[in-house]
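# A structural walkthrough
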Amino acid sequence: MSSNIETEYRIAKEQYAHLGVDTEAAIETLKTIPVSMHCWQGDDVGGFEHTGSELSGGIQTTGNYPGRAKTIDQLRSDIEFAMSLIPGKHRLNLHAFYLDNLGTKVDRDEIEVKHFESWADWGEGRIGGIDFNPTFFAHKMFTGGLTLSHPDKAIRDFWIEHGRRCREIAAYFGKRFSSPSVNNFWIPDGFKDIPVDRTAPRERLIRSLDAVFEKDLRKELILDSVESKLFGIGAESCTVGSHEFYMGYAMSRGKMICLDSGHYHPTEMISEKISAILMFYDKMLLHVSRPVRWDSDHVVVLNEELVEIAHELVRSKRLSDIHIGLDFFDASINRIAAWVIGTRNMLKALLFALLEPTKQLQQMEYEFDFTSRLAYKEELKTMPFNTVWKYYCEQMGVPAGIDWLDEVRKYEKDVLANR
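Because the structure is predicted, anything quoted here is derived from the model rather than measured.

Bringing the packing of helix α2 (residues 23-31) against helix α10 (residues 335-354) into the picture now. Relative orientation of the contacting elements α2 and α10 amounts to 140 degrees, with a least axis distance of 9 Å. As α2 runs across α10, the sense of the crossing is right-handed. Between α2 and α10, the residues in contact are Ala-26, Thr-29 and Leu-30 and Leu-347, Leu-350, Leu-351 and Leu-354, respectively. In terms of residue class, the contact of α2 with α10 is made up of 6 nonpolar, 1 polar and no charged.

Structure, rendered in structure tokens:
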């Protein structure tokens, strides 16, 4: 470890101790928090079905930066390299259409565990687990903007079978990694213009979801989650799976609810929702993204809302009940850099939150000493947080500062430029 960083850290440690913060305890806690890094940043949400389908279903990728992963091996290599620049041991968030089709076209109602065994083989020893997502978009059976809520029973049955098979695959990952796989359902169903009947599609969606979840699978292997969205491209006027819909469905069926930080109105903050959700749910899932106006999936930056989300997670004292995943994609910049920036920022926000003297601040609040509370919160903003972050990175054997970018540029020159 750099002697300069060690010296700076000792000084920072004393400064934080003066405020009642144990930096060593904060670092040790951070080491235990896995972030589930999403696979789809690496290839612009393309997948490996090789069906020729174009991206559709409420999402869109823009940009054409050189070096997109075009094969499973390329994507795995990129993921592994990105994770080598991120401190800690983390998880992979995998979508169903990233299957290993074993050289044969496989439709979504035909996928099996065997199409994901190579992902588990690759991941063992490298990552802490694999979380899963059924893929309900970019397919010929996504018609009229609907899947599980479609009026045509044959279409609903197709997607029900897909959901059922995805649950079996997630349970397989849970068994392989001895860690439950979070299986998250995001369904893009909705209407571009104002519908006459919002009730019938929601009734169909309930029946379809109940059919998907009919089989009881052990929670030691799989944790089912449902995710809402305010709107999607082509579903601007009505989203069948709204926030209120999934709040009710998840609570009544004993499922986790997923809060995606890009899936709400621009004036809504999910940091304000976390404590309310945890009043009524045993567990919850976060998809951390960054909304820009009405778009949700920009690379995560270390902004005020991200820090506030992290504070709410840490203050809840239920970190083991909260699963943190990422969900963004940007094809206009180096895709590996996007992963590294976004994931490191999530971890930075968590460390910043762990370096808060929460008990002292809460006591001030209980005593209505709002003056001291504000003074301390503002003082914390200029504490030597980055020194503790650099110390943690060096402890974990990854670049402490911007030096990681030099390694990405070298990888770009040696690997990405040759694709």
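It is worth spelling out the nonpolar core at this point. Ranked by size, the top nonpolar core spans 128 residues in total, and within it Ile-79, Leu-94, Trp-119, Phe-173 and Leu-286 carry the most contacts. Once you skip the residues sitting within four places of it in the chain, Leu-94 turns out to touch Cys-39, Trp-40, Phe-116, Trp-119, Ile-130, Asp-131, Phe-132, Asn-133 and Phe-173. Membership of the second largest hydrophobic core comes to 5 residues, among which are Leu-223, Met-256, Cys-258 and Leu-285.

Residues spaced three or four apart along an α-helix face the same direction, because each turn holds 3.6 residues. Compared with an ideal rise of 1.5 Å per residue, which puts 16 residues at 22 Å, helix α1 (residues 3-18) spans 23 Å between its outermost C-alpha atoms and is within 8% of the ideal. Considered for burial, the residues of α1 that qualify are Ile-5, Tyr-9, Ala-12 and Tyr-16. Angularly, the buried residues of α1 cover 70 degrees about the axis, an arc narrow enough to put them on a single face. Looking at α1, the residues exposed on the side facing more than 90 degrees away from the buried face are Ser-3, Glu-14 and His-18. At its buried positions, α1 is contacted by α2 and α13 (385-395). Just beyond α1, the residue with positive phi is Gly-20, at close to 90 degrees.

By the secondary structure assignment, Pro-384 is in the loop between α12 (370-380) and α13. Considered as a pair, Pro-384 and Phe-368 are 16 residues apart in the sequence and their alpha carbons are 28 Å apart. Filtering out sequence-adjacent residues up to four positions away, Pro-384 remains in contact with Ala-12, Gln-15 and Tyr-16.

This part is about the packing of aromatic side chains. Applying the stated criterion to the full structure yields 21 aromatic pairs. Ring geometry for Phe-97 and Phe-137: centres 5.5 Å apart, planes at 85 degrees, overall edge-to-face. Highlighted residues: Phe-97 in the loop between β2 (91-95) and α4 (117-123) and Phe-137 in the loop between β3 (130-133) and α5 (153-177), separated in sequence by 40 residues. The pair formed by Phe-97 and Phe-137 is uniform in burial state, with each residue classed as buried. Centroid distance Phe-132 to Phe-173: 5.8 Å. Interplanar angle 55 degrees. Geometry classified as tilted. Separated by 41 residues along the polypeptide, Phe-132 in strand β3 and Phe-173 in helix α5 bring together distant segments of the chain. Each member of the pair, Phe-132 as well as Phe-173, is classed as buried.

This part covers the pairing of strand β8 (residues 256-260). A large share of β8 lies buried, amounting to 5 of its 5 residues. Side chains Met-256, Cys-258 and Asp-260 of β8 all project onto a buried face; the interleaved residues Ile-257 and Leu-259 project onto the opposite face, where all are buried too. Here strand β6 (residues 222-227) pairs with β8 via 3 bridges, running parallel. Each bridged residue has a counterpart across the sheet, and for Ser-225 the counterpart in β8 is Met-256. Sheet topology note: the β8/strand β9 (residues 284-288) ladder contains 4 bridges and is parallel. Within β9, the residue paired with Asp-260 across the bridge is His-287.

Definitions and cut-offs
- Residues numbered from 1 in each chain as written.
- Predicted model: local features only at pLDDT ≥ 70, side-chain atom pairs only at ≥ 80, totals over all residues.
- Heavy atoms only, no water.
- Axes fitted to C-alpha atoms, helices over the stretch in contact; angles between N-to-C directions.
- Helix = DSSP H or I, 4+ residues; strand = E, 2+ residues; numbered from the N terminus.
- Left-handed = near helix turned anticlockwise from the far one by under 90°.
- Contact = heavy atoms within 4.5 Å.
- Nonpolar A, V, L, I, M, F, W, Y, C, P; charged D, E, K, R; others polar.
- Core = buried A, V, L, I, M, F, W, Y, C linked by side-chain atoms within 4.5 Å.
- Buried < 20%, exposed > 50% of the residue type's maximum accessible area, 1.4 Å probe, protein only.
- Expected span 1.5 Å × (residues − 1).
- Arc of directions from axis to C-beta.
- Phe/Tyr/Trp six-rings, centres within 6.5 Å; stacked < 30°, edge-to-face > 60°.
- Pairing = 2+ DSSP bridges.

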